[in-house]
Amino acid sequence: MEKHSDALDERQQLETAIARVRDGDIKSFEVIVRLLERRLRAWLASHTPPGVDVDEVAQKSFIAAYTRLDDYTSGTDFASWLFTIAHYQLRTETTRLRRVADYHTRFAPDLLQRELQRRSAELTGLEQDRLDYLQDCLDGLGKNVRRYIDWRYEECIPLSEMARRSERSVAAVKKQLWQLRRALRDCVQTRLAREAGE
Amino acid sequence: MSDRDEFEQLWTSYIEGELDEAGIEKLQAILSADKDLLSTAVDEYQIHRLLCANATSDQASRDAFVRSTMEKLPADREQLVGDVMQRILPNIFENRSGLRMLRRAAVILLSVAAGVLLLAVYTSVTDRSNANVAKITSKSGPLSWTGDGGRVVDDLAAETPLSGGTLEVLLPDSWAKLEFRDGSVVTLAGGSLVTFSDLGQKRLHLRRGSFSANVVPQKSGHPMLVHTRSATLEILGTQFKVESELDTTLLNVNEGLVGVKRLSDGKRVEVPANHRVVASADRQLEPVLSPKSVNYWKSQLNLGAQNTHGRWLPASDLLEARLRAIPYVYVLPKRKPITLYLAAMPISQGENPPVTFQSDSRFRVRGSLESSSGLYFGFSVNLAGGGFAGKFVGHIPAENITDSGEFTFSMGLKDFQLDPALVKLKKVLPQSPEGLIVSHCWCVSEKPAGLEVVEVELSQPDALP
């Protein structure tokens, strides 16, 4: 109920800001960016293949939304409209990457890129909440295993250093990270499924 | 080792950036043989990327992102290409920055030298009769006004009252509407420079460019006088358009009667409504019926750079003549400059018949790009009787342009929208270019992509060239 109320409040803030921008108050666009940047960047992060600058695509999406604001129908869903723009921006970028001759041998398997593109076309409102769910799931991890995530993602410590600190082999650390990511994936998907069922 | 185990090892190495090209090929082979593993890999990758995003979503990095995004916005939501277009097409024959520096230097010297005396003279003159001769009622793009005493004002706003002086519409795609106290209106086209005064009789010196005018009846014996390099026009009350070039003056009269005196020999003719005359030392001074507008136009870049904007490149054995886009740096206060790459050309200009945009008119643009880029294509329109009527612009996404480097695209009425830069004038400008005279067209690339325009054609499906 609280989440629903927050969403309504956000929509109201967005619509107010959009009206102001349309009246020439450019600074009000900052409200829009602040309200949506985290979700947009998170969504893009999980759908962009390696080699794509997530923030650059996110900024292009905001700028495209800004320059085409007249095309948005007030009172509909601005966030979805923005994500649709982002989807097309991302497609343009991946098309560019596909044209780079040795991209696939240097950066990513072609199949990975294609599957990510397929998933990015399946826009659901819930996708935008993944980051929140991930945070909840992280908070549920035990301190002993959470440290691996912190070392790897927060502190960017090399695997060898992680192995030294935990007195385990590098292969074991890799395995630990693999298992943790799988557990987090299951946790996020369970929460998404629950949300979808509500 | 099972495929799954091998996959797990390869994948974790890949995620850590430790997989070489051979490893990536191996991973690709495993993934292509097992859809479940592919799904697992993508799930894993998404969570990995989400963890990275989560790690960098602290308030400082979020603030930095917001700040950087706001800095990258065009000056006005409604602007981007449109507003840039109002500042481009600088006069290729003149170094404006140098001229402005000289002007400013002159102002400083005058100020120092004349001091109090200048102020006294200025007050005396303005008190007498020359104050508030006219005012700018509307405008688009930058203007520069040099008033009494050499005072230069670059940031003229609408409704600014002006005493006699020199008004310059700084860029060719800009315009300004000047209204005299008696209601006569002069609409200056972009790139024009005019000096005006009204000491009982309106005098305009058109140094460069063109303007259209709607002049209310003037006092007997005190016609409005328009001086150009090659002619003097006497107007008692009429509607006309005048274009001044180095050696010729082209006058189109829509209503009333305008007297034209050629300076080279003093010969005088009267030009009635719907007639035009070319005043030039080497041409016959004879009014002829104004040509009817046409619906077809095609660029002729093979003839050279005729008031075009861009780098004109002549035809070679292998390539046609073309116009290469040149960069324009759009400097925004307190923002990062934006650079766009532009090629532009006039359509209805000089002695050619005016070209009208019809509901089924289509632009066909042929050119080439050296690298992928989205393009903007736009055109400006005038009213049949003269006067600015708007600009329309359309976007061609990069993905709609083939990889070969050469492109041809076609755009019709529905592909264009009123230039967003003119949103504040939306209520007073026509919402559609239908029936209006097409003045200029331009093509802009979003990136330094080596844009070259080979040909632009405006036609209707059944129009004959």
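Keep in mind the model is a prediction, meaning the values are calculated, not measured. All residue numbers refer to positions counted from 1 along the written sequence of the respective chain. Chains and ligands are labelled by the order in which they are written, letters from A for the one and numbers from 1 for the other. Confidence filtering applies because this is a predicted model: local features only for residues at pLDDT of at least 70, side-chain atom pairs given and counted only at 80 or more, and all residues used for totals across whole chains, interfaces and linings. Neither water nor hydrogens contribute to the side-chain values; these are computed over all heavy atoms in the structure.

A. Structural view of the state of the cysteines. Here, a disulfide means two cysteine sulfur atoms that sit within 2.5 Å of each other. Counted by the stated rule, this structure contains one disulfide over all chains. There is a disulfide in this structure between Cys137 of chain A and Cys187 of chain A, and the S-S distance comes to 2.0 Å. On the sign convention where negative is left-handed, the bridge of Cys137 of chain A and Cys187 of chain A, at about -85° about the S-S bond, is left-handed. Taken together, the residues Cys137 of chain A in helix α7 (residues 130-139) and Cys187 of chain A in helix α10 (residues 170-197) connect sequence positions 50 residues apart. For Cys137 of chain A, a relative accessible area of 5% puts it in the buried group. Residue Cys187 of chain A is classed as partly exposed on the basis of its relative accessible area of 23%. Residue Cys156 of chain A stays outside any disulfide, its sulfur separated by 7.8 Å from that of Cys52 of chain B, the closest cysteine. Secondary structure elements follow DSSP: runs of H or I no shorter than four residues count as helices, runs of E no shorter than two count as strands, and numbering proceeds from the N terminus. When a residue's accessible area, from a 1.4 Å probe over protein chains only, is under 20% of the maximum for its type it is buried; when over 50% it is exposed; and in between it is partly exposed.

B. Highlighting the interface of chain B and chain A. Contacts between the two partners involve 59 residues from chain B and, on the opposite side, 64 residues from chain A. By definition, the buried area sums, over both parts, the 1.4 Å-probe accessible area that each loses when the two are put together. Approximately 5800 Å² of surface area, both sides summed, lies buried where chain B meets chain A, with 58% of it carried by carbon and sulfur atoms. The term salt bridge refers to a pairing of a side-chain nitrogen on Lys or Arg with a carboxyl oxygen on Asp or Glu at a separation within 4 Å. The tally of links between chain B and chain A comes to seven salt bridges. Pairing of N or O atoms within 3.5 Å defines a polar contact, subject to two protein rules: one partner must be a possible hydrogen donor and the other a possible acceptor, and residues neighboring in sequence count only if both atoms are side-chain atoms. Where chain B meets chain A, there are 21 residue pairs in polar contact (both at pLDDT 80 or more). Elements represented by at least two residues in the side of chain B that touches chain A include exactly α1 (3-15), α2 (21-33), α3 (35-55) and α4 (59-72) of chain B. Counting residues per element, the side of chain B that touches chain A draws most heavily on α3 of chain B, which supplies 17 residues. Residue composition of the side of chain B that touches chain A, by class: 23 nonpolar, 17 polar and 19 charged. Here a residue-residue contact requires only that any non-hydrogen atoms of the pair lie within 4.5 Å. Three categories are distinguished: nonpolar for Ala, Val, Leu, Ile, Met, Phe, Trp, Tyr, Cys and Pro, charged for Asp, Glu, Lys and Arg, and polar for the others, with Gly belonging to the last.

C. Spatial organisation of the packing of helix α8 (residues 143-154) of chain A against α3 of chain B. The convention used is that axes are lines fitted to C-alpha atoms, helices contributing only their stretch in contact, and that angles between N-to-C directions extend from 0 to 180 degrees. Running from N to C, α8 of chain A and α3 of chain B cross one another at 75°; their axes reach a closest spacing of 9 Å. Viewed along their axes, α8 of chain A and α3 of chain B adopt a mutual orientation that is roughly perpendicular. Contact with α8 of chain A, carried on its side by Ile149, Arg152, Tyr153 and Glu154 of chain A, involves His48, Leu51, Cys52 and Ala55 of chain B of α3 of chain B and no other residues of that element. Its residues assigned to classes, the contact of α8 of chain A with α3 of chain B shows five nonpolar, one polar and two charged. In what follows, roughly perpendicular refers to angles from 65 to 115 degrees, roughly parallel to angles under 35, roughly antiparallel to angles over 145, and oblique to any angle outside these ranges.

D. Expanded view of the packing of aromatic side chains. Centre distance within 6.5 Å is the pairing criterion for rings of Phe, Tyr and Trp, where only the six-membered ring of Trp is used; planes under 30 degrees apart are then read as stacked, over 60 as edge-to-face, and the remainder as tilted. Scanning all chains against the criterion turns up 22 aromatic pairs over all chains. A ring pair is formed by Phe78 of chain A and Trp81 of chain A, whose centres lie 5.5 Å apart and whose planes are at 45°; its orientation type is tilted. Taken together, the residues Phe78 of chain A and Trp81 of chain A, both in helix α4 (residues 78-98) and three residues apart, mark about one turn of the helix. Accessibility classification places Phe78 of chain A together with Trp81 of chain A in one group, the buried group. An angle of 85° between the planes, with centres 6.0 Å apart, marks the rings of Phe180 of chain B and Phe196 of chain B as edge-to-face. Separated by 16 residues along the polypeptide, Phe180 of chain B in strand β6 (residues 175-180) and Phe196 of chain B in strand β8 (residues 193-198) bring together distant segments of the chain. A relative accessible area of 2% places Phe180 of chain B in the buried class. In this structure Phe196 of chain B comes out as buried when scored by relative accessible area, which is 2%.

E. Here's a closer look at the pattern of salt bridges. Summed over all chains, the structure comprises 41 salt bridges over all chains. Notably, a salt bridge pairs Asp136 of chain A with Arg191 of chain A, separated by 3.6 Å at the nearest N-O pair. In this pair, Asp136 of chain A sits in helix α7 while Arg191 of chain A sits in helix α10, placing the two residues 55 residues apart along the sequence. Taking the relative accessible area as the measure of exposure, Asp136 of chain A reaches 36% and is therefore partly exposed. A salt bridge links Asp186 of chain A to Arg185 of chain A; its shortest N-O distance comes to 2.8 Å. By relative accessible area, Arg185 of chain A is classed as buried at 12%. In this structure, a network of salt bridges that share partners links the residues Glu115, Arg118, Arg119, Arg185 and Asp186 of chain A together with Asp43 of chain B.

F. Main features of unusual backbone geometry. With a phi close to 55°, Cys156 of chain A is a non-glycine residue in the positive phi region. As for its placement among the helices and strands, Cys156 of chain A is situated in the loop between α8 and α9 (159-166). Phi is positive for Asn274 of chain B, which is not a glycine, with a value near 60°. Relative to the helices and strands, Asn274 of chain B resides in the loop between β15 (268-272) and β16 (275-280). Take Asn274 of chain B: its relative accessible area is 48%, and that puts it in the partly exposed class.

G. Focus on the confidence of the model for chain B. All names here are of chain B. Averaged over every residue, the pLDDT of chain B is 79; residues scoring 70 or more account for 82%. Note on residues 87-129: pLDDT is under 50 here. Beyond four places in sequence and across chains, it has 47 contacts. Interface confidence in the predicted complex, given as ipTM, is 0.85; pTM for the same model is 0.49. Think of pLDDT as the predictor's per-residue confidence, scored from 0 to 100.

H. Focus on α7 of chain A. Among all positions in α7 of chain A, only Arg130, Leu131, Tyr133, Leu134, Cys137 and Leu138 of chain A are buried. Looking straight down α7 of chain A, one finds that the buried residues subtend no more than 160° of arc, so they occupy a single side. What the arc describes is the spread of directions from the helix axis to the C-beta atoms.

I. Main features of α1 of chain B. Residue and element names in this part refer to chain B. For α1, spanning 13 residues, the distance from its first C-alpha to its last is 18 Å, which sits close to the expected 18 Å at 1.5 Å a residue. Among the residues of α1, Glu6, Phe7, Glu8, Leu10, Trp11, Thr12, Ser13, Tyr14 and Ile15 are the ones counted as buried. One or two residues past the end of α1 sits Gly17, with phi positive at roughly 75°. In this analysis, the expected span of each helix is defined as 1.5 Å times one less than the number of residues it contains.

J. Representation of the pairing of strand β1 (residues 134-140) of chain B within the structure. Residues and elements named next belong to chain B. Pairing between strands is defined by DSSP: at least two bridges between them are needed. Where β1 lies against β6, six bridges are found, and the strand directions are antiparallel. Paired with Lys139 across the strands is Ala176, a residue of β6. Sheet topology note: the β1/strand β4 (residues 161-162) ladder contains two bridges and is antiparallel. Among the inter-strand pairings, Ala134 is bridged to a residue of β4, identified as Leu162.

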